[in-house]
Amino acid sequence: ASIGYRVFGAQIMKMSLNKSLKQKKGFTLVELLIVVVILAILAGILVPQFSSATDDAKLASIDSNLANIRAAIDLYYQQHGHYPGSVTAAGANCAAGPGGTTGTGAVNTEAAFISQLSLYTDVNGEGCTKSDTTFKYGPYMKKAAMPQNPFTNSSTVAISTAGALGMTSASTTGGWKYDVVTGQFIADHSSYDDR
């Protein structure tokens, strides 16, 4: 009799196990497809919003960079009577005077523009890494490098001597554009040169 109970008990356990296995169901293909469609709809709604936020951040960055550099250019002009880059930044006075390193860049060059904004300068625009009573102006920027245009990741400055207000850009890959005659400073990108 005990053998019969064992066999009968094993069969009951086997039936119970099969029944519990049958009750555990996974997701059907239709349910999985519905979840995937819902996730695709949510992604379609959220991705453009993140893209828009990225463009807004780039616009804010370009506006901030333009305002800071334009302010530096204006202050330089107020103290010197000419715009940075319109005269040479190199000379012998720095080495003979305060013993610093002289600025670099000939007239109408990016090097002169950056030197005159990032170094101490004399009244004529000659740059020097040290300050004294002659080199008492500036520096107008904390770094000797231009910030990158956030839309092109370029920091180059295209120098113009056209002298006409309303300068525009035909580029979509440039950094910045600057006119040494008018002091106009813009983003060198055709979609953002009006900022």
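See above for the structure.
Cut-off values and rules
Residues numbered from 1 in each chain as written. Predicted model: local features only at pLDDT ≥ 70, side-chain atom pairs only at ≥ 80, totals over all residues. Heavy atoms only, no water. Helix = DSSP H or I, 4+ residues; strand = E, 2+ residues; numbered from the N terminus. Buried < 20%, exposed > 50% of the residue type's maximum accessible area, 1.4 Å probe, protein only. Contact = heavy atoms within 4.5 Å. Disulfide = S-S within 2.5 Å. Phe/Tyr/Trp six-rings, centres within 6.5 Å; stacked < 30°, edge-to-face > 60°.

A. Structural view of the environment of F113. In this fold, F113 is placed in helix 4 (residues 110-118). Accessibility expressed as a relative area gives 0% for F113, which makes it buried. Residues F113 and Y83 lie 30 residues apart in sequence; the distance between their C-alpha atoms is 8.6 Å. With near-sequence residues (within four places) excluded, F113 lies in contact with I69, I73, P84, G85, M146, V157, I159, Y178 and F185.

B. Expanded view of the state of the cysteines. Across all of its chains, the model carries 1 disulfide by this definition. Each sulfur in the disulfide pair C94 and C128 lies 1.9 Å from the other. Here the S-S torsion is close to 55°, and the disulfide linking C94 with C128 is therefore right-handed. Pair noted here: C94 is in helix 3 (residues 93-96) and C128 is in strand 2 (residues 127-128), with a separation of 34 residues, a long-range link. A relative accessible area of 0% places C94 in the buried class.

C. Summary view of the packing of aromatic side chains. Counting across every chain of the model gives 7 aromatic pairs. For the pair Y76 and Y140, a centre-to-centre distance of 5.5 Å together with 75° between the ring planes defines the contact as edge-to-face. With Y76 in helix 2 (residues 29-80) and Y140 in the loop between strand 2 and strand 3 (157-160), this pair connects stretches of sequence that are 64 residues apart. Overall, Y76 belongs to the buried group, its relative accessible area being 0%.

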